[in-house]
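Structural overview for review
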Amino acid sequence: MASTETAPAAPEAPATPEAAPHQDLAGVEAGLDALDAVQPHRTSPAQLLREKVLPPVLGVLLVLGVWQLLFSLHVTPEYKLPSPLDVWHSLTDLWYQGTLFSIIWTSVWRGITGFAAAVVIGTPIGLLVARVKFVRAALGPVLSGLQSLPSVAWVPAAVIWLGIDDQAMYAVILLGAVPSIANGLVSGIDQVPPLFLRAGRTLGARGLGGARHILLPAALPGYLAGLKQGWAFSWRSLMAAELIASSPDLGLGLGRYLENQRDASDMSGVLLGIILILTVGVAIDLLIFTPIERRVLRSRGLLQTGR
Amino acid sequence: MSTALTTPNDAPAVADRADASPAVRIAGVHKSFGRPGTAVPVLDDITLDVAPGEFLCLLGASGCGKSTLLNLVAGLDQPTAGSIEVPGGRPALMFQEHALFPWLTAGKNIELALRLNGVPRAERKPEAERLLELVRLGGSYGKRVHELSGGMRQRVAMARALAQGSSVLLMDEPFAALDAITRDVLHEEITRIWQERRLTVLFVTHNVREAVRLAQRVVLLSSRPGRVAREWQIDLPQPRRIESACVADLSVEITEHLRGEIRRHGQH
Ligand SMILES: Nc1ncnc2c1ncn2[C@@H]1O[C@H](COP(=O)(O)OP(=O)(O)O)[C@@H](O)[C@H]1O
Ligand SMILES: [Mg+2]
């Protein structure tokens, strides 16, 4: 294809069709496609280990090291700062009593079912706020306000209204997660490029079909961000509610376990409770939300490869 | 310039085509944006028929209302006055940006268009593959939009527009963002597909050479408000080369008129 162009012999050249432009251009086209196409790039497992697994493991080891050092130096009395090994023993104790998983499960089950209900409630609210002007004017500020209100503040009210039982727990979870989920969907929809909506309309997608095929998939990244934040909020508010509300009806969840250990002045149990709550929150985020989010972003080319 | 090749008309009449019923009929269209009173007219009394199978380029400076007119023909907006008829039904529209949906693969983008066009499920995949074949992207069914180059994206967008099953294709500067070589290739493709599928194409551009390269008829719009200023019939055989002397000659002439239209605005 690198032939030098010959200048036209005369400016008044006759309008004869040029020889075989088709084959010519087909070759150019194939070349362009080969040159331009983005090569998908995969990271090797070793690289993944080095870049993704190693740094957080080192971070945790560092924290444990500092902790152990402070303990060995007797910075504070042992009943205030037990050693990492003491906390480990509290964990194995729970394990041998056979209550470890039931404690975790009580809270996780509550968190997950409450969160699922929040999704079911928050999604249509978000859709309405995003798409109906009047609803947006009426509910938009309320939702943003609720989102910045720590939902722990609802615990006393929920306990008085609903009694110290599971209902109060779920109410607090919903109040924490629904605004985040709805707001996430609203901002996801607001950020949909108008070009997609116009393209959808020319393709004949209107009304419900338009929402299903264009609007919702386009808003998915914002929605997922809202879900993620909603989970963080509902887990936090659930733990707060379990800490505050005490009743045999509630069973033993992580928050209650933590409070019981405080009552018993068992500091290694308290630390274990904190670590378990942290671990569950991070694990759900890392095992459920992050992979979904990354998949969605990567498939749309919104994520740098190797990140 | 030999008159055998081009027949410039000062009046926007299409006498020799009046008998065939047009594929697009734009009659006395006005369009202004904003509230009555403060509204600025963007299009003023546009009357234009596009014959079935015709390739018409709408040429004009940026901001003269080309996209506005195309949106009206596409039914995305309503004219302030006048009427627009597209007897063949909702036309297909291609934008300057590819407007492919990034959550779908190339093939699924086309299948969505087929689905919204009422094509039964079983026929969608083979038809999408046929359309990709048509734009010479046979192997790209499973490719994500971000894995395709600019030119490939526009070809998928072309295939998706064809999947709408309309014989009228509206194109709004679809190749403006591409480099010259890629654009050249796509000119070739759209000419071939227009001929193979006997499409009616209404192609908007501000690039004079592109208009002369592609069109059977070039309509020049004036700016603010947009009116039909002049039109040229181009009888050069297809496929043409954009670098050929006859395309260049006519481009010089049309560019002169386009400059004249733009210059008028500097005078007041
Ligand atoms: N929705 C709109 N509201 C107000 N003004 C608009 C709107 N769309 C286009 N215009 C105005 O109409 C004129 C023509 O725009 P457009 O059709 O996009 O021009 P072109 O496609 O020829 O570059 C511009 O001056 C633009 O500012
Ligand atoms: Mg435009």
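All values derive from a computational prediction rather than experimental measurement.

As for the overall build of chain A
In terms of regular secondary structure, chain A is built from eleven helices and zero strands. Along chain A, helices (α) and strands (β) appear in the sequence α-α-α-α-α-α-α-α-α-α-α when read from the amino end. Going through the 307 residues of chain A one by one, you find that 38% of them count as buried. Residue pairs in contact within chain A that sit at least 24 positions apart in sequence constitute 70% of those at least 6 positions apart. Counting only carbon and sulfur atoms, one obtains 69% of the accessible surface of chain A, whose full area is about 17,600 Å².

Looking at the interface of chain A and chain B
Each side of the interface is counted separately: chain A has 36 residues, and chain B has 40 residues. Together, the buried faces of chain A and chain B total about 3,800 Å²; carbon and sulfur atoms form 63% of this surface. Considering only the surface of chain A that becomes buried against chain B, A:Glu29, A:Thr202 and A:Leu203 emerge as the three largest contributors, covering 18% of it. Inspection of the chain A/chain B interface yields zero salt bridges. In terms of residues, the side of chain A that touches chain B owes the most to one element, helix H1 (residues 21–36) of chain A, which gives nine residues. Taken together, the residues of the side of chain A that touches chain B sort by class into 18 nonpolar, seven polar and eleven charged.

Overview of the domain arrangement of chain B
Residue and element names in this part refer to chain B. What the domain assignment reports for chain B is domain 1 (4–17 + 50–78 + 169–266) and domain 2 (99–165). Look at where the C-alpha atoms of domain 1 and domain 2 centre, and you get two points 26 Å apart. Counting residues at the interface gives 13 residues for domain 1, matched by eleven residues for domain 2. Summed over both partners, the interface of domain 1 with domain 2 buries about 1,000 Å², with 70% contributed by carbon and sulfur atoms. On the surface where domain 1 and domain 2 come into contact, there are one salt bridge. Across the contact surface, domain 1 and domain 2 share three residue pairs in polar contact (both at pLDDT 80 or more). Of the residues that constitute the side of domain 1 that touches domain 2, the class distribution is eight nonpolar, one polar and four charged.

Some points on the site of ligand 1
Residue and element names in this part refer to chain B. Taken together, the neighbourhood of ligand 1 is formed by Phe-33, Val-42, Ala-61, Ser-62, Gly-63, Cys-64, Gly-65, Lys-66, Ser-67 and Thr-68. Gly-63 has a polar backbone atom sitting 2.7 Å from an oxygen atom of ligand 1. It is helix H1 (residues 66–74) that provides the largest number of residues to the shell around ligand 1, a total of three residues. Considered class by class, the residues forming the shell around ligand 1 number four nonpolar, five polar and one charged.

So, the packing of helix H2 (residues 106–116) of chain B against helix H4 (residues 150–163) of chain B
A pair of packed helices can be characterised by two numbers: the angle between their axes and the separation between those axes. All names here are of chain B. Look at H2 against H4: their axes get within 8 Å of each other, and the N-to-C directions meet at 20°. What the angle tells us is that H2 and H4 run roughly parallel. In terms of crossing hand, the pair formed by H2 and H4 is right-handed. Across the interface between the two elements, Ala-106, Asn-109, Ile-110, Ala-113 and Leu-114 of H2 pack against Val-156, Ala-159, Arg-160 and Ala-163 of H4. Here the contact of H2 with H4 is built from residues that sort into seven nonpolar, one polar and one charged.

Description of the sheet that holds strand S3 (residues 40–50) of chain B
All names here are of chain B. Taken in spatial order, the three strands line up as S3-S2-S5 in an open sheet, and their pairing is antiparallel. In this open sheet, the two strands that pair with only one neighbour each are S3 and strand S5 (81–85). Across this sheet, the average inter-strand angle for adjacent strands is 20°, counted without regard to direction. Strand direction decides the pairing type here: strand S2 (residues 24–33) and S5, joined by four bridges, are antiparallel. Its bridge partner lying in S5, Arg-25 is registered against Glu-85. The strands that H1 touches are S2, S3 and S5; relative to S2, the one it contacts most, it runs at about 120°.

A short note on the pattern of salt bridges
Residues and elements named next belong to chain B. Taken as a whole and assessed by the stated rule, the structure comprises 19 salt bridges over all chains. Arg-217 is paired through a salt bridge with Glu-54; the nearest N and O atoms lie 2.6 Å apart. In this pair, Arg-217 sits in strand S9 (residues 217–221) while Glu-54 sits in the loop between S3 and strand S4 (55–59), placing the two residues 163 residues apart along the sequence. Relative accessible area serves as the criterion here: at 1%, Glu-54 is assigned to the buried category. A salt bridge links Arg-241 to Glu-243, with the nearest nitrogen and oxygen atoms 3.2 Å apart.

A few points about the packing of aromatic side chains
Going through the model one piece at a time under the given rule, you end up with eleven aromatic pairs over all chains. An angle of 75° between the planes, with centres 5.7 Å apart, marks the rings of A:Phe196 and B:Phe101 as edge-to-face. Of the two residues, A:Phe196 sits in helix H8 (residues 194–203) while B:Phe101 sits in the loop between strand S6 (92–94) and H2, which places them in two different chains. Judged by relative accessible area, B:Phe101 falls into the buried class, the value being 0%. When the centroid spacing of 5.6 Å and the interplanar angle of 90° are considered together, the rings of A:Phe196 and B:Trp103 count as edge-to-face. Of this pair, A:Phe196 sits in helix H8 while B:Trp103 sits in the loop between S6 and H2, on two different chains. An aromatic cluster of three or more residues is present, and its members are A:Phe115, A:Trp231, A:Trp235 and A:Phe289. The ring centre of B:Phe101 lies 4.7 Å from the NZ or CZ of B:Arg160, which sits over that ring.

Reading guide: rules and limits
Residues numbered from 1 in each chain as written. Chains lettered and ligands numbered in written order. Predicted model: local features only at pLDDT ≥ 70, side-chain atom pairs only at ≥ 80, totals over all residues. Heavy atoms only, no water. Helix = DSSP H or I, 4+ residues; strand = E, 2+ residues; numbered from the N terminus. Buried < 20%, exposed > 50% of the residue type's maximum accessible area, 1.4 Å probe, protein only. Contact = heavy atoms within 4.5 Å. Areas by Shrake-Rupley, 256 points an atom, 1.4 Å probe, with all protein chains shown as cover. Buried area = accessible area lost by both parts, 1.4 Å probe. Salt bridge = Lys/Arg side-chain N within 4 Å of Asp/Glu carboxyl O. Nonpolar A, V, L, I, M, F, W, Y, C, P; charged D, E, K, R; others polar. Domains from an automatic or database assignment. Polar contact = N/O pair within 3.5 Å; in protein donor to acceptor, adjacent residues only side chain to side chain. Near = heavy atom within 4 Å. Axes fitted to C-alpha atoms, helices over the stretch in contact; angles between N-to-C directions. Parallel < 35°, antiparallel > 145°, perpendicular 65-115°, else oblique. Left-handed = near helix turned anticlockwise from the far one by under 90°. Pairing = 2+ DSSP bridges. Phe/Tyr/Trp six-rings, centres within 6.5 Å; stacked < 30°, edge-to-face > 60°. Lys NZ or Arg CZ within 6 Å of the ring centre and 35° of its normal.

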